[in-house]
Amino acid sequence: TTEFIRKAFDADPLLTQSLSFEFGSGQEMHRDTAFVIMNSPMKLAAIWIALEDVQEGSGELLYYPTSHRWGDFLFSGAFKHWDRERDGEQQLADWHAWLHEQGRKRGIEPIKFRPKKGDIFVWHAGLAHGGAPIVNSKMTRRSLVGHFCPTGVRPLYHYYKPAHRHFYKIDDHTFSSSHYLPAEWNA
């Protein structure tokens, strides 16, 4: 998968954020550019890896096909990312509604992604996605998510957490973390 990301970026990929899920997220439809903030917002890609077969009702990943080609909703008229203090909760609610309205205008319904264990979904920074409602709270939806940017692009935390401006390597994979990592991992 990182080789695919490398080819898409035409540069070495840098993992800047990873998440693991035991259950569906139930997240509202969103674009990663609002929350995974980079100094070059559209130079971001994400991968979603199924750690088990995903079942109906487990809070499947939802996405609007072609939504990465839709226009932009700019927070405070200028930003792809949302900032609670600058933009407030109402702009966030307006943005979520705007994403759904864009789908309705185009006659596009969200698709539920039901992969088999080991399947991988790669998406563009602008893809609108979220979590379907969890119908059965006992069902798991084990998965991993990674957010990547090309080397040379920086995550926002590099600016406001100067002590965390480190890059780490394991074999030929590079990552950065907004959390503490042992100094011996520093690349």
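## What about the overall build of the protein chain?
Phase 1: In terms of regular secondary structure, the protein chain is built from three helices and nine strands.
Phase 2: Shown N-terminal to C-terminal, the secondary structure of the protein chain runs as helices and strands in the order α-β-β-β-α-β-β-β-β-α-β-β.
Phase 3: Of all 187 residues assigned to the protein chain, the portion counted as buried reaches 44%.
Phase 4: Here the contacts in the protein chain between residues at least 6 apart in sequence split such that 77% fall between residues at least 24 apart.

## Considerations on the nonpolar core
Phase 1: Core analysis: the largest hydrophobic core is formed by 15 residues, its most contacted members being Met29, Tyr64, Phe75, Trp95 and Leu99.
Phase 2: Broken down by element, the residue count for this core peaks at four residues, all from helix H2 (residues 84–106).
Phase 3: Leave out the neighbours within four places in its chain, and Phe75 touches Ala34, Lys80, His81, Trp82, Arg86, Asp87, Gln91, Leu92 and Trp95.
Phase 4: If you look at the next biggest cluster of nonpolar residues, it comprises twelve residues, including Ala46, Ala50, Phe113 and Phe121.

## A few points about the side chain of Ser58
Phase 1: With respect to the helices and strands, the residue Ser58 is situated in the loop between strand S2 (45–50) and strand S3 (61–63).
Phase 2: At 2.7 Å, the side chain of Ser58 forms a polar contact with the backbone oxygen of Gln55.
Phase 3: Apart from residues lying up to four places away in sequence, Ser58 is in contact with Gly24, Ile134, Met139, Thr140 and Arg141.

## A look at the pattern of salt bridges
Phase 1: Under the counting rule described, the total for this entry stands at twelve salt bridges.
Phase 2: One salt bridge in this structure joins Glu3 and Arg6, with 2.8 Å as the shortest N-O distance. Separated by three residues within a single helix, Glu3 and Arg6 lie in helix H1 (residues 2–9), roughly one turn from each other.
Phase 3: Taking the relative accessible area as the measure of exposure, Glu3 reaches 41% and is therefore partly exposed.

## Focus on the environment of Leu99
Phase 1: In this structure, Leu99 sits in helix H2.
Phase 2: Linking Leu99 and Trp70, residues 29 residues apart in sequence, is a C-alpha distance of 9.2 Å.
Phase 3: If near-sequence neighbours (up to four positions away) are discounted, Leu99 is found in contact with Met29, His30, Arg31, Tyr64, Trp70 and Ala128.

## With respect to the environment of Glu56
Phase 1: By the secondary structure assignment, Glu56 is in the loop between S2 and S3.
Phase 2: Residue Glu56 is classed as partly exposed on the basis of its relative accessible area of 46%.
Phase 3: Along the chain, Glu56 and Asn136 lie 80 residues apart, while their C-alpha atoms are 9.0 Å from each other.
Phase 4: Excluding residues within four positions of it along the chain, Glu56 makes contact with Lys112, Arg114 and Met139.
Phase 5: Within the structure, the side chain of Glu56 is placed 3.2 Å from the side chain of Lys112, a separation counted as a polar contact.

## What to know about the packing of aromatic side chains
Phase 1: Counted under the stated rule, the structure contains ten aromatic pairs.
Phase 2: With centroids separated by 5.8 Å and ring planes inclined at 70°, the aromatic side chains of Phe35 and Trp95 adopt a geometry described as edge-to-face. Highlighted residues: Phe35 in the loop between strand S1 (13–21) and S2 and Trp95 in helix H2, separated in sequence by 60 residues.
Phase 3: A ring pair is formed by Phe121 and Trp123, whose centres lie 5.5 Å apart and whose planes are at 45°; its orientation type is tilted. The pair Phe121 / Trp123 is uniform in exposure class, with both members buried.
Phase 4: Grouping aromatic residues by their ring pairs yields a cluster made of Phe35, Phe73, Phe75, Trp82, Trp95 and Trp98.
Phase 5: One cation-aromatic arrangement involves Arg86 over Phe79; the distance from NZ or CZ to the ring centre is 3.8 Å.
Phase 6: Positioned over the ring face of Phe21 is Arg141, at 5.2 Å from the centre of the ring.

What counts, and at which threshold
- Residues numbered from 1 in each chain as written.
- Predicted model: local features only at pLDDT ≥ 70, side-chain atom pairs only at ≥ 80, totals over all residues.
- Heavy atoms only, no water.
- Helix = DSSP H or I, 4+ residues; strand = E, 2+ residues; numbered from the N terminus.
- Buried < 20%, exposed > 50% of the residue type's maximum accessible area, 1.4 Å probe, protein only.
- Contact = heavy atoms within 4.5 Å.
- Core = buried A, V, L, I, M, F, W, Y, C linked by side-chain atoms within 4.5 Å.
- Polar contact = N/O pair within 3.5 Å; in protein donor to acceptor, adjacent residues only side chain to side chain.
- Salt bridge = Lys/Arg side-chain N within 4 Å of Asp/Glu carboxyl O.
- Phe/Tyr/Trp six-rings, centres within 6.5 Å; stacked < 30°, edge-to-face > 60°.
- Lys NZ or Arg CZ within 6 Å of the ring centre and 35° of its normal.

Purely spatial values, then, with no claim about function.
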